[in-house]
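Tertiary structure, described
Listed below, chain by chain, are the residues.
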Amino acid sequence: MVFSNLLFLYVFLPLNLLCYSLAKDIRTKNVILLIFSLVFYAWGEPKFVLLLVGMTLVDWLFSLGIEHSRGTGRAKLWLVLACVFSLGLLGIFKYGSFTLANIQAVTGYPAVVPSIALPIGISFYTFQILSYVIDVYRGEIPAQHNFWLLLMYKSLFHVCIAGPIVRYKDISNELLVRQSTPAEFSAGIMRFAAGLGKKALLANTCASLTNSILLPDSVASNAGMLAANIKTLSGKPSMLLWLGVLLFMLQIYLDFSAYSDMAIGMGLMIGFHYKENFNYPYTASSVSQFWRQWHISLSSFFRDYVYFPLGGSRKGLARTIFNLFVVWMLTGLWHGASWNFVLWGLYFFVFISLEKIALGKILDRIPGFLSHVYLLAVVFFGWILFRFRRISLVWVVLKGLFCANGNPFYSFEAKTMWLNNCFFVIAAVIAVTPAIKKLGSKLKNKAGSNPAYTNAIAIAQVSAVVIIILLSTLALVGNTYNPFLYFQF
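Note that this is a predicted model, so its numbers are computed, not measured. (Residues numbered from 1 in each chain as written. Predicted model: local features only at pLDDT ≥ 70, side-chain atom pairs only at ≥ 80, totals over all residues. Heavy atoms only, no water.)

**What about helix α16 (residues 368–387)?**
For α16, spanning 20 residues, the distance from its first C-alpha to its last is 29 Å, which sits close to the expected 28 Å at 1.5 Å a residue. Within α16 the residues assigned to the buried category are S371, Y374, L375, V378, V379, F380, G382, W383, I384, L385, F386 and R387. (Helix = DSSP H or I, 4+ residues; strand = E, 2+ residues; numbered from the N terminus. Expected span 1.5 Å × (residues − 1). Buried < 20%, exposed > 50% of the residue type's maximum accessible area, 1.4 Å probe, protein only.)

**So, the packing of helix α1 (residues 6–22) against helix α11 (residues 238–270)**
Contact geometry for α1 and α11: axes closest at 11 Å, N-to-C directions at 25 degrees. Comparing the axis directions of α1 and α11 gives the class roughly parallel. Considering how the two elements wind past one another, α1 and α11 form a crossing that is right-handed. Across the interface between the two elements, F8, L13, L17 and Y20 from α1 touch M266, M269 and I270 from α11. Here the residues of the contact of α1 with α11 sort into 7 nonpolar, no polar and no charged. (Axes fitted to C-alpha atoms, helices over the stretch in contact; angles between N-to-C directions. Parallel < 35°, antiparallel > 145°, perpendicular 65-115°, else oblique. Left-handed = near helix turned anticlockwise from the far one by under 90°. Contact = heavy atoms within 4.5 Å. Nonpolar A, V, L, I, M, F, W, Y, C, P; charged D, E, K, R; others polar.)

**With respect to the environment of L196**
Mapped onto the fold, L196 is located in helix α8 (residues 182–214). Overall, L196 belongs to the buried group, its relative accessible area being 1%. With 16 residues separating them along the chain, L196 and S212 place their C-alpha atoms 23 Å apart. Beyond its immediate stretch of four places on either side in the chain, L196 contacts S4, L9, L201, M262, I469, S472 and L476.

**A look at a nonpolar patch on the surface**
Residues L7, Y10, V11, V31, I35, V39 and W43 make up a contiguous nonpolar surface patch of about 640 Å² in total accessible area. When residues of the nonpolar patch are traced back to their parent elements, those giving at least two are α1 and α2 (26–42). In this fold, Y10 is placed in helix α1. Y10 sits in the partly exposed class, given a relative accessible area of 45%. (Patch = residues over 30% accessible without salt bridge, like charges linked within 9 Å, V, L, I, M, F, W, Y side chains within 5 Å. Areas by Shrake-Rupley, 256 points an atom, 1.4 Å probe, with all protein chains shown as cover. Salt bridge = Lys/Arg side-chain N within 4 Å of Asp/Glu carboxyl O.)

**Notes on helix α5 (residues 122–138)**
An α-helix turns once per 3.6 residues; consequently, residues spaced three or four apart project the same way. The terminal C-alpha atoms of α5 lie 24 Å apart, and with 17 residues this matches the ideal 24 Å at 1.5 Å per residue to within 8%. Burial of α5 is extensive: 15 of the 17 residues sit out of reach of the surface. The positive-phi residue at the C-terminal boundary of α5 is G139, with phi of around 80 degrees.

As structure tokens, this is what we get:
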């Protein structure tokens, strides 16, 4: 089940909010949240609920061991065991087949590589529970003695499957004491509707157009179709390939930020305050700034639990570069068990390292427009590496952008595709900028305390929410393509 599923929108979420509102105390509310969260996770993968519960149970015991052994060597032992256990399971399920396939390619063994199913959201909830155990070890939070409360935190259906990565210490107080004011509930509905519109109206359309130009991922990843895929992409006009990559660049932001918007909105509806996960990253002027604004919960996780413990930038330039290398190799691997993701992570490592060494100073001195163009170019070409698991296809598309495949720049098909979708592309581009948010702020400031203006804005907001939900519902009816990209992570 996904948030943009009609069953979720019109049955699961309303039923959850109804039951939650009827509960008289926080304990009952938490029980309701736990039941709904486990049902939500089990909807698609019932057997992996046992993995979710089992991982939580073991890490809960490890955290208690850390607390009882605080100040002794045993505390570190419990921490190491927790990391080995959680990361070990993540490694088996997410990277087991990938590792064995690479060993087979080199040694010829094993004869058959088993296909290991990937539990939905395992990367997200593994990092969440690890952040909890590490913070207990650091003494930043006390261990949670109530297992069921910790399980509710880890399985919260708002964030369990596709993030953002919510740290226990950020919501620990709200697990036991929270309430949503009418203003927050209203803000939550608006935030959820905005995310739903991003997903159903914009991201899905971007995905459909991207697939028609750059091939669906299931086709592009098929080894048996490699030769045919190379031939197909080699013949695409350059003008069309530029549109395809641009649409994917818009899709991946709209898709993932939409999920975060909906998660944050649902949290506000019941009193949880999840941190922002995106801050309009395509408005950045450097790669370093981009990653401070893109998937903030993941970037901050690697910063606080990998980069800083390795020494950060405190031990000289050479060590800083090495630490960055480790972080970005892990960032690439986190996104998927495929070499293109590793190379994608290292691609950003190169640019961030260059900015640390000298490029950052140059970017500070040149006009802001040029530094912004630099960032967009780096990210644009990086998404090609992210999009294709077959490196040969990455190379074909890169060459095709500059007509180096012998492909034409222009064709009637390309011209028609651009003209037919130009207004949609403009709308999608506006949606990835803070333009609408700034316009809303200006209108509110202009209204001031004038009751007439304030009422008009309130009516406009309610109308916008209703229209977005209705249009999204119409878009979702009969739509067979409605995944969230980050489910695979």
